Amino acid sequence: MSSKQTKEPSGRAEATRERIFAAALVEFAEAGFAGARVDAIARRSRANKALLYRYFGNKTKLYAATLAHVATLRRTAAAAAPEELGDRAAYWVRATARSKVALRFVLQEATRAGRPRRAVALDRTHYDRQLHELAERTAKDAALTLLALDALVTYPFAFPEITRAITGASVADADFVERWARFVLEMTRSAFPAPSPLEPSPGSSPLRRSRAKPAPSPRPPQR
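Not measured: the values here are computed from a predicted model.

The rules behind these values
Residues numbered from 1 in each chain as written. Predicted model: local features only at pLDDT ≥ 70, side-chain atom pairs only at ≥ 80, totals over all residues. Heavy atoms only, no water. Helix = DSSP H or I, 4+ residues; strand = E, 2+ residues; numbered from the N terminus. Buried < 20%, exposed > 50% of the residue type's maximum accessible area, 1.4 Å probe, protein only. Contact = heavy atoms within 4.5 Å. Areas by Shrake-Rupley, 256 points an atom, 1.4 Å probe, with all protein chains shown as cover. Expected span 1.5 Å × (residues − 1). Bend = angle between axes of the 7 residues up to and from the residue. Polar contact = N/O pair within 3.5 Å; in protein donor to acceptor, adjacent residues only side chain to side chain. pLDDT = per-residue confidence, 0-100. Phe/Tyr/Trp six-rings, centres within 6.5 Å; stacked < 30°, edge-to-face > 60°. Lys NZ or Arg CZ within 6 Å of the ring centre and 35° of its normal. Axes fitted to C-alpha atoms, helices over the stretch in contact; angles between N-to-C directions. Parallel < 35°, antiparallel > 145°, perpendicular 65-115°, else oblique. Left-handed = near helix turned anticlockwise from the far one by under 90°. Nonpolar A, V, L, I, M, F, W, Y, C, P; charged D, E, K, R; others polar.

Moving on: the overall build of the chain. When you go through the chain residue by residue, the secondary structure sums to eleven helices and zero strands. Each of the 223 residues in the chain was classed as buried or not, and the buried ones make up 36%. In the chain, the share of contacts with a sequence separation of at least 24, taken over all contacts with a separation of at least 6, comes to 65%. Of the roughly 14500 Å² that the chain leaves accessible, carbon and sulfur atoms contribute 57%.

Below is the structure:
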């Protein structure tokens, strides 16, 4: 009888885990690791506290699992990102708007002191693709340019009160998100236009172009 009380059907167990992840994400984002309480996470997720401990062991392991969960979500989002630079920037604005809690969690993790920090990063290939494209489009430092673009995408959602003070809009407003996405798209395309196939890219070495020698002028007829 005790085994029936401690086991859930697989589909129901997965749903419970997803609720716990969602609740843990909010709690850790709002309170940080030190301030987060397991009983608050249990209440948010409508899960039994004993069940939560059975799944994750303790708060430290739950935090690590939530960190891995967020990294998986970010990798999934990156895999669906468009190829074109402007479209990709707008895509990340919308994706960030849908996952504002995850962004706050990442910021909490990035500033957490007293414990070794583990970056919630995307696969390196995600950044390498963007760095390569920026190198083709601009002679400026590609890494710093990418950092600036990431800041442009995430700033309103990382600092919603400043955004409201400047624009009068809430980052939860769908109209604001679309306005910001379009603005970032247009700004990115304006600042980093796609190179013409006939012109060398700014980041590449100049190519020497061979010039055809002019045909010799005909000699005047001899008399």
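As a further point, take the side chain of T96. As for its position among the elements, T96 is in helix α6 (residues 85–98). If sequence neighbours within four positions are ignored, T96 has contacts with L103, V153, T154 and F157.

A word on helix α9 (residues 142–158). The end-to-end C-alpha distance of α9 is 23 Å, a good match for the 24 Å that 17 residues give at a rise of 1.5 Å each. A bend of about 35 degrees at L152 is the largest found in α9, and the proline P156 appears one to four places after it. Listing the buried residues of α9 in full gives A142, T145, L146, L149, V153, P156, F157 and A158. The opening residue of α9, the one whose side-chain oxygen lies 2.9 Å from the backbone nitrogen of A143, is D141.

On average, residues of the chain carry a pLDDT of 81, and 77% of them reach 70 or more. Confidence scores differ between elements of the chain, with helix α1 (residues 2–6) showing the lowest mean pLDDT of 45 and helix α10 (residues 160–167) the highest of 96. Ignoring residues within four places in sequence, the model shows residues 1–6, a span with pLDDT below 50, making one contact including any to other chains.

Quick look at the packing of aromatic side chains now. Note on aromatic pairs: each is described by the distance of the centres and the angle between the planes. Applying the stated criterion to the full structure yields eleven aromatic pairs. Ring centres of F28 and F33 lie 6.4 Å apart, and the angle between their planes is 15 degrees; this geometry places the pair in the stacked category. No difference in accessibility class separates F28 from F33, as the two residues are buried. Ring geometry for Y55 and F56: centres 6.3 Å apart, planes at 80 degrees, overall edge-to-face. Residue Y55 shares its accessibility class with F56, and that shared class is buried. Taken together, the ring pairs connect F28, F33, Y63 and F105 into an aromatic cluster. We note R17 situated over the ring of Y55; from NZ or CZ to the ring centre the distance is 5.6 Å.

Between two packed helices, the angle of one axis relative to the other and the distance separating the axes together describe the packing. Contact geometry of α6 with helix α11 (residues 174–191) gives a least axis separation of 8 Å together with a crossing angle of 155 degrees. Classified by the angle their axes make, α6 and α11 are roughly antiparallel. The two elements α6 and α11 meet at a crossing, and its hand is right-handed. Here L85, G86, D87, A89, A90, V93, R94 and A97 of α6 lie close against α11, whose contacting residues are V177, E178, W180, A181, V184, L185, T188 and R189. Residues belonging to the contact of α6 with α11 are distributed by class as follows: ten nonpolar, two polar and four charged.

Attention now goes to the environment of A78. With respect to the helices and strands, A78 occurs in helix α5 (residues 59–79). Exposure remark for A78: the relative accessible area of 11% places this residue in the buried category. When the C-alpha positions of A78 and R88 are compared, they lie 9.4 Å apart, and in sequence the two are ten residues distant.

Even without being glycine, R46 reaches a positive phi, approximately 55 degrees. Along the chain, R46 falls in the loop between α3 (38–45) and α4 (49–56). Residue R46 is classed as exposed on the basis of its relative accessible area of 63%.

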